[in-house]
Amino acid sequence: GGIVALVPLRSLSNGKTRLAGAISPEARRLLSRHMVTGVIRAALGSEAVAGVLVVSPDTDALCLAARVDPRVVPVLQPAGRPG
């Protein structure tokens, strides 16, 4: 039982596109990794949240999320069903 947080994640490599003019693709990828890890840890740090579902079409993102904590459940989003 308990609350499950849902974290949608488009992609580690194609995220943060509004920053494309300011930082490199690698820096955007690292920023995305840092942000999703921080969001997961913050959610799990709450006494109200029992687990986290991370939904993404990006298998690398799902692998990263699953390594953060055993209470993270990665959910592969079908490529034909964005949003």
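Everything that follows concerns the structure shown earlier in this document.
Residues numbered from 1 in each chain as written. Predicted model: local features only at pLDDT ≥ 70, side-chain atom pairs only at ≥ 80, totals over all residues. Heavy atoms only, no water.

Novice: So what exactly am I meant to see when it comes to the overall build of the protein chain here?
Specialist: When helices and strands are counted, the protein chain shows two helices and three strands. Secondary structure of the protein chain in N-to-C order comes out as β-α-β-α-β. Expected size for 83 residues packed as a compact globule is a radius of gyration near 12 Å; at 13 Å, the protein chain falls within 12% of this value. Based on the C-alpha atoms only, the size of the protein chain along its principal axes is roughly 45 × 30 × 20 Å. Counting the 83 residues in the protein chain, one finds 33% classified as buried. Counted over contacts in the protein chain with a minimum sequence separation of 6, partners at least 24 positions apart contribute 47%. (Helix = DSSP H or I, 4+ residues; strand = E, 2+ residues; numbered from the N terminus. Rg over C-alpha atoms; globule rule 2.2 N^0.38 Å. Buried < 20%, exposed > 50% of the residue type's maximum accessible area, 1.4 Å probe, protein only. Contact = heavy atoms within 4.5 Å.)

Novice: Please explain the pattern of salt bridges as it appears in this structure.
Specialist: Here the idea is simple: oppositely charged side chains can pair when their charged atoms come close. Within the structure shown, the criterion is met by two salt bridges. As a salt-bridge pair, Arg-29 and Glu-26 come within 2.7 Å of each other at their nearest N and O atoms. Here Arg-29 and its partner Glu-26 are both found in helix α1 (residues 25-45), three residues apart, which amounts to about one turn of the helix. Residue classification places Glu-26 among the partly exposed positions, given a relative accessible area of 40%. Asp-69 is the partner of Arg-71 in a salt bridge, and the nearest nitrogen-oxygen pair spans 2.9 Å. The class for Arg-71 is partly exposed, based on a relative accessible area of 39%. (Salt bridge = Lys/Arg side-chain N within 4 Å of Asp/Glu carboxyl O.)

Novice: How should the environment of Val-36 be read in this particular structure?
Specialist: Take Val-36: it is sitting in helix α1. Assessed through its relative accessible area of 5%, Val-36 is described here as buried. With 18 residues separating them in the primary sequence, Val-36 and Val-54 have C-alpha atoms 9.2 Å apart. Residues contacting Val-36, with those up to four places away along its chain left out, are Val-7, Leu-9 and Leu-64.

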